[in-house]
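# Inside the fold
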Number of protein chains: 2
Amino acid sequence: MKSIRIGMMGLGTVGGGVAAMLSENGVLIDKKAGSGIILEKILVKDIAKERSDVPQNIRAILTDNPADILDDPNIDIVIEVMGGTKEALEFVRTALRNKKHVVTANKDMMAAYGGDLFAEADRSGSALLFEASVCAAIPVVDVLKHSLAGNRISRIMGILNGTTNYILTMMSGEKSEYSQALEKAMDGGYAESDPADDVMGRDAARKIAILASIAFNMRIKYEDVFTEGITGVSLCDIEYAAELGYRIKLIADAKFSDEGVEARVNPLFIPTGHPLSNVDGVFNAVYIESDMAGETMLYGKGAGAKPTASAVLGDVIALARAIGGGGAVFTGCTCFNEKMIVAPENAVSRFYIRMNVKDSPGVLSKIAGVLGDHGVSIYSVVQKKAQGQSAEIVIITHMVMEKNMLDSIAKIKGMDIVNEFGSLIRVEGED
Amino acid sequence: MKSIRIGMMGLGTVGGGVAAMLSENGVLIDKKAGSGIILEKILVKDIAKERSDVPQNIRAILTDNPADILDDPNIDIVIEVMGGTKEALEFVRTALRNKKHVVTANKDMMAAYGGDLFAEADRSGSALLFEASVCAAIPVVDVLKHSLAGNRISRIMGILNGTTNYILTMMSGEKSEYSQALEKAMDGGYAESDPADDVMGRDAARKIAILASIAFNMRIKYEDVFTEGITGVSLCDIEYAAELGYRIKLIADAKFSDEGVEARVNPLFIPTGHPLSNVDGVFNAVYIESDMAGETMLYGKGAGAKPTASAVLGDVIALARAIGGGGAVFTGCTCFNEKMIVAPENAVSRFYIRMNVKDSPGVLSKIAGVLGDHGVSIYSVVQKKAQGQSAEIVIITHMVMEKNMLDSIAKIKGMDIVNEFGSLIRVEGED
């Protein structure tokens with residue numbers, strides 16, 4: 001049996017998972033790969049660090065010199081699981097230049113420098129595989145690049161961040177407000193000590209930039225993605241959503257149409273019949289609309305050492321078979337389309353609006369009037385008595401351009417009959 | 001640009017879909033394939049048949065001579081979409097022997113002769129791809145063979161038949177009995193005029209045989225799958241299920257454990273929180289449990305011209321890239337495991353039992369006594385007054401071996417206090 005030699009850069013959570021998986025499932029992996037997969041060297045920052053929990057056979061192959069991997073002609077595949085965009089970028093670039101194939105789990109690097117790296121891979125004839133960089137165990141990169149390759153994809157939307165989905169699920173299940181749910185998520189290890197990247201939607205924005213680039217065959221950058229987090233979602237919005245037949249999810253959403261490409265991350269009312277509405281807790285899911293396959297959804301664990309290792313080794317096995325078969329035949333960059341990015345203010349959708357108003361005659365009519373003046377048409381409205389001399393108004397609109405919606409809200413906020421403007425959340429579905 | 005030449009065998013629903021997709025999305029497909037994909041010849045039975053709905057460029061390449069495809073050295077890939085297991089099998093075997101790669105949508109052929117065909121493909125160094133043969137647009141073959149390749153898969157279960165899922169969804173949504181729902185499904189074109197293969201679970205059994213073979217790396221045949229259809233499911237079972245927090249689905253289910261492999265198709269109570277419980281209408285879904293990736297689900301359209309064409313062309317594109325890259329590097333047969341098939345009567349699960357009994361004191365205790373004598377332990381019980389002097393008893397059991405369950409039911413059916421035995425349906429979940 002031929003051998004395929006691996007150099008791994010990084011031995012953190014994911015690296016540890018990869019090493020463990022190779023050791024536990026080694027026989028199976030070799031059979032699937034058609035070659036003996038040998039973990040030859042692992043790059044770590046501090047080789048002197050105490051690692052009593054790491055098996056002896058792994059400790060024996062550590063190095064702190066990147067050249068031991070990058071310049072070793074016996075190494076066929078480099079697994080990059082160190083993260084970050086500085087050293088990792090430099091190492092991956094060098095590895096490709098040295099004609100090594102690369103498997104990476106690095107979302108930040110792929111979102112920011114994917115185009116450059118594919119160009120480098122093309123020049124040297126190496127493969128750059130990155131399934132693990134987006135949603136870990138969910139095989140969305142492979143499905144987009146291969147299974148659905150002949151389709152025109154019109155939309156890709158998903159729950160791409162486990163932390164925020166855990167928080168929203170907890171708010172809904174335990175009837176708690178955002179701050180309490182966040183605290184519990186942090187206590188349970190489901191949110192990082194600085195959760196800003198997750199709760200502000202930035203993590204999901206990087207992922208949808210990568211996925212939309214593959215789906216629409218054009219480069220979509222992180223900066224092209226309109227991003228709004230979940231910090232403004234309150235328990236009463238979740239309860240109104242339930243009453244109206246929806247669930248609120250943080251949705252990363254990209255659409256391709258004649259007008260251009262729209263990419264955004266924001267809380268969204270999802271109808272309870274929609275497959276994404278039932279994706280709860282830390283689970284992720286990606287929902288794809290295409291011309292031939294129709295609606296497809298992929299569901300699974302979007303983070304964690306084992307699910308990420310699973311994706312890394314799926315790519316390694318595919319590479320090993322390609323090397324064994326005489327050629328690496330992977331789809332590299334397919335960004336042959338160029339299309340305008342639709343400005344967020346020109347995007348069209350339905351909206352949910354909640355506000356606290358004075359409980360007096362004619363209030364609803366005045367608010368409806370302002371909406372009408374801006375071309376915002378009302379689909380449904382609920383008015384409820386609130387505390388004291390106030391009432392709560394909840395409106396779902398028909399499809400409207402975002403700038404019209406925002407202009408009308410600015411006007412409404414200035415009205416003296418409005419005590420407090422509550423929420424503005426987009427609603428999935430056409431009129 | 002290099003050209004890859006295709007010979008297609010069959011121009012029915014799926015063949016028409018493939019031809020249409022190649023014509024509509026040809027530019028995209030060529031870019032993804034890295035080669036010009038040329039549909040060179042199409043085999044039809046009756047070349048004289050009137051085909052005014054078929055475009056002229058397609059009519060121009062029809063032939064009724066298989067040798068025009070099988071013996072043409074210019075043909076790289078044979079697409080088999082004629083169905084059946086006689087001629088199709090012979091043609092696919094010859095194509096592989098003649099060193100052509102084959103893409104097939106033929107479930108019956110793969111379920112019955114997959115092993116032989118893989119052996120043929122191995123001998124000649126050709127690839128045999130069959131994503132389209134199971135659940136059309138759901139990329140489950142690719143995900144099992146590649147994305148999850150390094151995982152030990154312990155369970156694969158799914159809703160693999162659109163007709164039965166449509167019928168069960170309709171029974172539940174419109175509160176109709178099986179026969180009415182079947183009639184509507186036939187009227188709407190969702191069930192064939194002879195629906196036996198679908199409603200008796202045989203179609204799903206062939207699919208789970210193929211999927212379990214890949215998932216567990218061992219040959220599982222159609223005959224190894226215990227099969228029970230949906231004809232015995234009544235509306236009141238569906239309503240009791242809802243009351244108890246479940247939905248009834250026809251589930252194809254295969255488990256791998258130290259005791260052996262269990263493969264079955266039967267109606268199953270699925271807890272409403274389970275991702276499969278929300279898969280409705282004609283949609284299919286496959287749910288996979290594995291050691292590293294954890295829980296994964298794939299959801300989409302499991303039948304139809306376009307979804308099946310999408311899967312066929314996904315395989316064609318992958319093959320074209322492989323040919324362009326200098327070698328076909330596809331995972332062929334991976335049946336290196338041998339494991340006992342667990343006899344159905346030794347399988348263990350929870351059960352739902354419904355029966356109509358005489359409404360008199362001590363009846364429940366007598367029934368519980370018979371269950372207890374056979375080692376069947378009760379998890380929950382509901383007794384309701386029924387018409388006249390009768391009552392309805394609904395029991396959910398703890399985990400029990402199927403033969404004990406069946407023995408106790410045989411005894412119960414013979415009791416004079418039992419007016420009519422209603423249903424016995426398995427319940428998903430452990431104690």
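Here is a short report on the structure shown in this document. What you see is a predicted model, and the numbers here were worked out from it, not measured in a lab.

A cluster of like negative charges, contributed by Asp-46, Asp-64, Asp-68 and Asp-71 of chain A, occupies part of the molecular surface. Note on Asp-64 of chain A: relative accessible area 44%, which makes it partly exposed.

Turning next to the pattern of salt bridges. Within this structure, the stated rule accounts for 50 salt bridges over all chains. The closest approach of N and O atoms between Arg-426 of chain B and Glu-402 of chain B, which form a salt bridge, is 2.9 Å. Remark: Glu-402 of chain B occurs in helix α15 (residues 402–413) and Arg-426 of chain B occurs in strand β17 (residues 418–427); sequence separation between them is 24 residues. Here the residues in one salt-bridge network are Glu-228, Glu-262, Arg-264, Glu-402 and Arg-426 of chain A, joined through shared partners.

Further remarks concern helix α1 (residues 13–24) of chain B. Between the first and last C-alpha of α1 of chain B there are 16 Å, a value that for 12 residues agrees with the 16 Å anticipated at 1.5 Å per step. Considered for burial, the residues of α1 of chain B that qualify are Val-14, Gly-15, Gly-17, Val-18, Ala-19, Met-21 and Leu-22 of chain B.

Ile-156 and Phe-216 of chain A together with Ile-156 and Phe-216 of chain B are the most contacted members of the largest nonpolar core, which has 160 residues in total. What Ile-156 of chain B contacts, discounting residues up to four positions off in sequence, is Leu-144, Ile-208, Leu-211, Ala-212, Ala-215, Phe-216, Ala-252, Asp-253, Ala-254, Val-286, Tyr-287 and Ile-288 of chain B.

In the superposition of chain B on chain A (RMSD 0.0 Å, axial shift 0.0 Å), the rotation amounts to 180 degrees. Viewed as a symmetry operation, the transformation between the two copies matches a two-fold axis. Residue Leu-298 of chain B of chain B places its C-alpha closer to the rotation axis than any other residue of that unit, at 2.3 Å. Comparing interface residues between copies, 100% of those in chain B also lie at the interface in chain A; the contact surface is shared.

Moving on, we come to the sheet that holds strand β5 (residues 101–104) of chain A. Paired through their backbone hydrogen bonds, the strands of a sheet run either parallel or antiparallel. Residues and elements named next belong to chain A. Strand order in the open sheet formed by 6 strands is β3-β2-β1-β4-β5-β6, and the pairing between neighbours is parallel. Looking along the sheet, the strands with just one partner apiece sit at the ends: β3 (62–63) and β6 (128–129). The pairing of strand β1 (residues 3–9) with strand β4 (residues 77–80) spans 4 bridges and is parallel. Across the sheet, Ile-6 pairs through a bridge with Ile-77, a residue of β4.

So, about the interface of chain B and chain A. Residue-level contacts link 50 residues of chain B with 50 residues of chain A. Here chain B packs against chain A, burying approximately 4,500 Å² in sum over the two surfaces, 57% of which is carbon and sulfur. At the boundary of chain B and chain A, one finds 0 salt bridges. Where chain B touches chain A, the interface holds 16 residue pairs in polar contact (both at pLDDT 80 or more). Broken down by secondary-structure element, the contributors of at least two residues to the side of chain B that touches chain A are α1, α2 (26–33), α7 (140–147), β12 (294–301) and α13 (305–324) of chain B. In this structure, strand β12 (residues 294–301) of chain A lies alongside β12 of chain B, joined through 3 bridges in antiparallel fashion.

This model, assessed by the stated rule, comprises 12 aromatic pairs over all chains. Ring geometry for Phe-216 of chain A and Phe-256 of chain A: centres 5.3 Å apart, planes at 45 degrees, overall tilted. Of this pair, Phe-216 of chain A sits in helix α11 (residues 202–216) while Phe-256 of chain A is found in strand β9 (residues 246–257), placing the two residues 40 residues apart along the sequence. Judged by relative accessible area, Phe-256 of chain A falls into the partly exposed class, the value being 24%. Ring geometry for Phe-269 of chain B versus Tyr-352 of chain B: centroids 4.4 Å apart, planes at 35 degrees, classification tilted. With a gap of 83 residues between them, Phe-269 of chain B in strand β10 (residues 260–271) and Tyr-352 of chain B in strand β13 (residues 348–358) connect regions that are remote in the sequence. Pairwise contacts between aromatic rings join Tyr-246, Phe-269 and Tyr-352 of chain A into one cluster. For Arg-206 of chain A, the ring lying beneath its charged end belongs to Tyr-222 of chain A, and the centroid distance is 5.0 Å.

What follows is about the packing of helix α5 (residues 87–97) of chain A against helix α6 (residues 107–124) of chain A. Any two packed helices are characterised by how steeply their axes cross, that is the angle between the axes, and by the distance between the axes. Residue and element names in this part refer to chain A. Relative to each other, α5 and α6 sit at 15 degrees, their axes nearing to 9 Å. In terms of their interaxial angle, α5 and α6 are classed as roughly parallel. Crossing angle aside, the handedness with which α5 passes α6 is right-handed. Side by side, α5 and α6 meet where Ala-88, Leu-89, Val-92, Arg-93, Leu-96 and Arg-97 of the first sit next to Met-109, Tyr-113, Asp-116, Leu-117, Glu-120, Ala-121 and Ser-124 of the second. Each residue belonging to the contact of α5 with α6 can be placed in one class, and the counts come to 8 nonpolar, 1 polar and 4 charged.

Right, let's talk about the pairing of strand β4 (residues 77–80) of chain B for a bit. Residues and elements named next belong to chain B. Residues of β4 alternate between two faces, with Ile-77 and Ile-79 on one and Val-78 and Glu-80 on the opposite face, all of them buried. Sheet topology places β4 next to strand β5 (residues 101–104); 4 bridges connect them, and they run parallel. Across the sheet, Val-78 pairs through a bridge with Val-102, a residue of β5. Handedness of the β4-helix α5 (residues 87–97)-β5 crossover: right-handed.

Residue and element names in this part refer to chain A. With 13 residues, helix α8 (residues 162–174) ought to run about 18 Å at 1.5 Å a step, and its terminal C-alpha atoms sit 17 Å apart, in line with that. The element α8 is largely enclosed, with a buried count of 10 among its 13 residues. Taken together, the buried positions of α8 are occupied by Gly-162, Thr-163, Thr-164, Asn-165, Tyr-166, Ile-167, Leu-168, Thr-169, Met-170 and Met-171. Where α8 is buried, its residues touch β7 (153–159), α9 (178–187), α10 (196–199), α12 (235–243), β9 and β11 (283–290). Capping the start of α8, Asn-161 holds a side-chain oxygen 3.3 Å from the backbone nitrogen of Thr-163, two or three residues further along. Positive phi shows up at Lys-175, right after α8, with a value of about 50 degrees.

Our focus in this paragraph is the side chain of Asn-161 of chain B. Residue and element names in this part refer to chain B. Position of Asn-161 among the secondary structure elements: in the loop between β7 (153–159) and α8 (162–174). Asn-161 sits in the buried class, given a relative accessible area of 3%. Here the side chain of Asn-161 touches Thr-164 through a polar contact of 2.8 Å, side chain to side chain.

Let us look at the environment of Ala-303 of chain B. All names here are of chain B. Considering the arrangement of structural elements, one finds Ala-303 in the loop between β12 and α13. Look at Ala-303 and you get exposed, because its relative accessible area is 54%. Spatially, the C-alpha atoms of Ala-303 and Asn-284 are 8.7 Å apart, while their sequence positions differ by 19 residues. With residues up to four places along the chain from it excluded, the contact list for Ala-303 reads Ala-136 and Thr-308.

What follows concerns the sheet that holds strand β3 (residues 62–63) of chain B. The 6 strands are arranged β3-β2-β1-β4-β5-β6 (chain B) in an open sheet whose pairing can be described as parallel. The two strands at the open ends of the sheet, each matched to only one other strand, are β3 and β6 (128–129) of chain B.

Rules used throughout
- Residues numbered from 1 in each chain as written.
- Chains lettered and ligands numbered in written order.
- Predicted model: local features only at pLDDT ≥ 70, side-chain atom pairs only at ≥ 80, totals over all residues.
- Heavy atoms only, no water.
- Patch = residues over 30% accessible without salt bridge, like charges linked within 9 Å, V, L, I, M, F, W, Y side chains within 5 Å.
- Areas by Shrake-Rupley, 256 points an atom, 1.4 Å probe, with all protein chains shown as cover.
- Salt bridge = Lys/Arg side-chain N within 4 Å of Asp/Glu carboxyl O.
- Lys, Arg positive; Asp, Glu negative; His and termini not counted.
- Charge placed at Lys NZ, Arg CZ, Asp CG, Glu CD.
- Buried < 20%, exposed > 50% of the residue type's maximum accessible area, 1.4 Å probe, protein only.
- Helix = DSSP H or I, 4+ residues; strand = E, 2+ residues; numbered from the N terminus.
- Expected span 1.5 Å × (residues − 1).
- Core = buried A, V, L, I, M, F, W, Y, C linked by side-chain atoms within 4.5 Å.
- Contact = heavy atoms within 4.5 Å.
- Least-squares fit on C-alpha atoms with pLDDT ≥ 70 in both.
- Pairing = 2+ DSSP bridges.
- Buried area = accessible area lost by both parts, 1.4 Å probe.
- Polar contact = N/O pair within 3.5 Å; in protein donor to acceptor, adjacent residues only side chain to side chain.
- Phe/Tyr/Trp six-rings, centres within 6.5 Å; stacked < 30°, edge-to-face > 60°.
- Lys NZ or Arg CZ within 6 Å of the ring centre and 35° of its normal.
- Axes fitted to C-alpha atoms, helices over the stretch in contact; angles between N-to-C directions.
- Parallel < 35°, antiparallel > 145°, perpendicular 65-115°, else oblique.
- Left-handed = near helix turned anticlockwise from the far one by under 90°.
- Nonpolar A, V, L, I, M, F, W, Y, C, P; charged D, E, K, R; others polar.
- Right-handed = clockwise from strand over helix to strand, strands pointing away.

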